[in-house]
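Residues per chain, in single letters:
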Amino acid sequence: MLTEYEVRTQAVEIERSEAPVMRKVRGLLRLARVLKLQARTLLHAQALSVQTRDWNVEAYLKRRIRSLRELYEEVRRQAQRVWSNVDISGNNLGLA
């Protein structure tokens, strides 16, 4: 599991890199996909915790899932922001 600090650090590193814009966007979306998969895993764990009626675990998982979803949306917005800063002519897309 990636921590919030690790995700934010990786996102900043990707955005500040000298890579073409497309590579930056793909890197950010890849990071977002990891967050989405982590949230899905925690959803399954939360479903199991309901069966055991461990309310502390369920509350913790609910908070983690909410946090991961918010972080996922933040990384997606960051990718969108990077993409929207592209020159209309397609320069620096990294498609060559």
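Residues numbered from 1 in each chain as written. Predicted model: local features only at pLDDT ≥ 70, side-chain atom pairs only at ≥ 80, totals over all residues. Heavy atoms only, no water.

Chemist: Provide a residue-level description of the environment of His44, including the pertinent values.
Modeler: By secondary structure assignment, the location of His44 is in helix α2 (residues 21–52). Assessed through its relative accessible area of 55%, His44 is described here as exposed. (Helix = DSSP H or I, 4+ residues; strand = E, 2+ residues; numbered from the N terminus. Buried < 20%, exposed > 50% of the residue type's maximum accessible area, 1.4 Å probe, protein only.)

Chemist: Before we move on, can you summarise the pattern of salt bridges with the specific residues and values?
Modeler: By the definition in use, this model includes 3 salt bridges. For the salt bridge of Glu4 with Arg8, the shortest nitrogen-to-oxygen distance reads 2.6 Å. In this pair, Glu4 and Arg8 are both assigned in helix α1 (residues 4–16), 4 residues apart and thus about one turn of the helix distant. In this structure Arg8 comes out as partly exposed when scored by relative accessible area, which is 34%. Between Glu74 and Arg8 there is a salt bridge, and its shortest N-O distance comes to 2.4 Å. With a gap of 66 residues between them, Glu74 in helix α3 (residues 55–84) and Arg8 in helix α1 connect regions that are remote in the sequence. Several salt bridges converge on common partners, so that one network encompasses Glu4, Arg8 and Glu74. (Salt bridge = Lys/Arg side-chain N within 4 Å of Asp/Glu carboxyl O.)

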